[in-house]
Amino acid sequence: MTAAASSDADLIAAHAAGDPRAFAELVRRHRDRMWAVALRTLRDPEEAADALQEAFISAFRAAGSFRAESQVTTWLHRIVVNACLDRIRRRQARPTVPLPEAGPGEPVTPRDAMADRETRLVVHRALSELSEEQRVPIVLVDVEGYSVAETAKMLGIAEGTVKSRCARGRAKLAKVLGHLRNPDADANVPGAAVADGNGPRRHHWEGR
């Protein structure tokens, strides 16, 4: 079986056994998604790139201790999120860099996809207005689709804390993003955007 045809768990096992190609294949499969998580969490492309590099180095070194108690993607997410949180804790008050209009190597966007891209940018900017403690669980639960229990385990906090932080974050996002649900509404009119209790979900934000 080739590396490309192997499961993530098989690749971790092969890497731990000394296969020099296995971890590179794992990175190739998950780099883009992990980059998106790091960028949404840190809001700074340079910080996100550094955190992602640190996370993959940590994963490379820790792969031998992976016990398949969770999916490999969950394990990688936990490492990436922890690397991002470490950088948040370490950095002093510094100016943040706005999210780029396009990611690394992103192709030119066709005219008929401009609306979708503009929507994603609006969502990214809205996320950037949340505090770190609200943004990180929102990214994991509502964007990446992890359960509250999985998110609590990744962040080392209680499930109730995840729920309350998500609820507060969703309420703020609902006010900012209300016009996306009702494009004909005047987003500047007070009360035009009202939270429905559920908040925007992944398929509304990402168009994936």
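Conventions we followed
Every chain begins its residue count from 1, and numbering advances along the sequence as written. With the structure being a predicted model, the display of local features is reserved for residues of pLDDT at least 70 and the display and counting of side-chain atom pairs for 80 or more, all residues being used for whole-chain, interface and lining totals. Note: side-chain values were computed over all heavy atoms of the structure, leaving out hydrogens and water. Helix and strand labels come from DSSP, where a helix needs a run of H or I of at least four residues and a strand needs a run of E of at least two; each type is numbered from the N terminus. Note on classification: 1.4 Å probe, protein chains only; a residue is buried when its accessible area is under 20% of the maximum for its type, exposed when over 50%, partly exposed between these limits. Any two residues whose heavy atoms approach within 4.5 Å are treated as being in contact. For every residue, the pLDDT score states the predictor's confidence, bounded by 0 at the bottom and 100 at the top. As a rule, the C-alpha atoms of each element are fitted with a line to give its axis, helices using only the stretch in contact, and angles between N-to-C directions run from 0 to 180 degrees. Working definition: roughly parallel below 35 degrees, roughly antiparallel above 145 degrees, roughly perpendicular at 65 to 115 degrees, and oblique for all remaining angles. Left-handed describes a crossing in which the near helix is turned anticlockwise from the far one by less than a right angle; the clockwise case is right-handed. When residues are grouped by polarity, Ala, Val, Leu, Ile, Met, Phe, Trp, Tyr, Cys and Pro land in nonpolar, Asp, Glu, Lys and Arg in charged, and all others, Gly among them, in polar. Here is the rule: rings of Phe, Tyr and Trp (six-membered ring for Trp) pair when centre to centre is within 6.5 Å. Planes less than 30 degrees apart are stacked, more than 60 are edge-to-face, and the remainder are tilted. Any carboxyl oxygen of Asp or Glu that lies within 4 Å of a side-chain nitrogen of Lys or Arg is treated as forming a salt bridge with it. The term nonpolar core refers to a set of buried residues drawn from Ala, Val, Leu, Ile, Met, Phe, Trp, Tyr and Cys, joined through side-chain atoms within 4.5 Å.

(A) Structural context of the overall build of the protein. From N to C terminus, the protein includes 9 helices and 0 strands. The 208 residues of the protein split such that 39% are buried. Partitioning the contacts of the protein with sequence separation of at least 6, the portion at a separation of at least 24 is 66%.

(B) The arrangement of the confidence of the model for the protein in detail. For the protein, per-residue confidence averages 76 on the pLDDT scale, and 68% of positions sit at 70 or higher. Counted against residues more than four places away or in other chains, residues 92–109, with its pLDDT under 50, gives 20 contacts. In this model, residues 185–208 is a region of pLDDT below 50 whose contacts with residues beyond four sequence positions or in other chains number 40 contacts.

(C) Representation of the packing of helix H4 (residues 72–90) against helix H6 (residues 132–143). Between H4 and H6, the shortest axis-to-axis distance is 12 Å and the interhelical angle comes to 165 degrees. With respect to H6, the element H4 is oriented roughly antiparallel. In terms of crossing hand, the pair formed by H4 and H6 is right-handed. Seen from H4, the contacting residues are His 77, Val 81, Leu 85 and Ile 88; seen from H6, they are Glu 132, Val 136 and Leu 140. Classifying every residue of the contact of H4 with H6 gives 5 nonpolar, 1 polar and 1 charged.

(D) Up close: the side chain of Thr 73. Position of Thr 73 among the secondary structure elements: in helix H4. Residue class for Thr 73 comes out buried when judged on its relative accessible area of 13%. With near-sequence residues (within four places) excluded, Thr 73 lies in contact with Asp 8, His 30, Met 34 and Tyr 146.

(E) Structural context of the packing of aromatic side chains. In the structure shown here, the tally under the stated rule is 2 aromatic pairs. Between Phe 23 and Phe 60, the aromatic rings sit 5.3 Å apart at their centres with planes inclined by 90 degrees, giving edge-to-face as the arrangement. With Phe 23 in helix H2 (residues 22–42) and Phe 60 in helix H3 (residues 45–62), this residue pair connects regions lying 37 residues apart in the sequence. Residue classification places Phe 23 among the buried positions, given a relative accessible area of 9%. Given the relative accessible area of 45%, Phe 60 is considered partly exposed.

(F) The arrangement of the pattern of salt bridges in detail. Within the structure shown, the criterion is met by 14 salt bridges. The closest approach of N and O atoms between Glu 144 and Arg 40, which form a salt bridge, is 3.3 Å. Separated by 104 residues along the polypeptide, Glu 144 in the loop between H6 and helix H7 (148–155) and Arg 40 in helix H2 bring together distant segments of the chain. Accessibility expressed as a relative area gives 3% for Glu 144, which makes it buried. The residue Arg 135 makes a salt bridge to Glu 132 at a minimum N-O spacing of 3.7 Å. Here Arg 135 pairs with Glu 132, and both are found in helix H6, just 3 residues apart, close to one helical turn. Residue classification places Glu 132 among the partly exposed positions, given a relative accessible area of 25%. Because the salt bridges share partners, they merge into one network encompassing Asp 8, Glu 25, Arg 28 and Arg 29.

(G) Up close: the environment of Arg 21. Mapped onto the fold, Arg 21 is located in the loop between helix H1 (8–16) and H2. Classification of Arg 21 by relative accessible area gives exposed; the value is 60%. The spacing of Arg 21 and Leu 11 is 10 residues in sequence and 8.8 Å in space, taken between C-alpha atoms.

(H) Focus on the nonpolar core. One finds Trp 75, Leu 76 and Val 80 to be the most contacted residues of the largest nonpolar core, which totals 35 residues. Of all the elements in the fold, those that place two or more residues in this core are H1, H2, H3, H4, H6 and H7. The contacts of Leu 76, once residues within four sequence positions are left out, are Leu 26, His 30, Met 34, Phe 56 and Ala 59. With 11 residues, the next largest nonpolar core counts Ile 138, Val 141, Ala 152 and Cys 166 among its residues.

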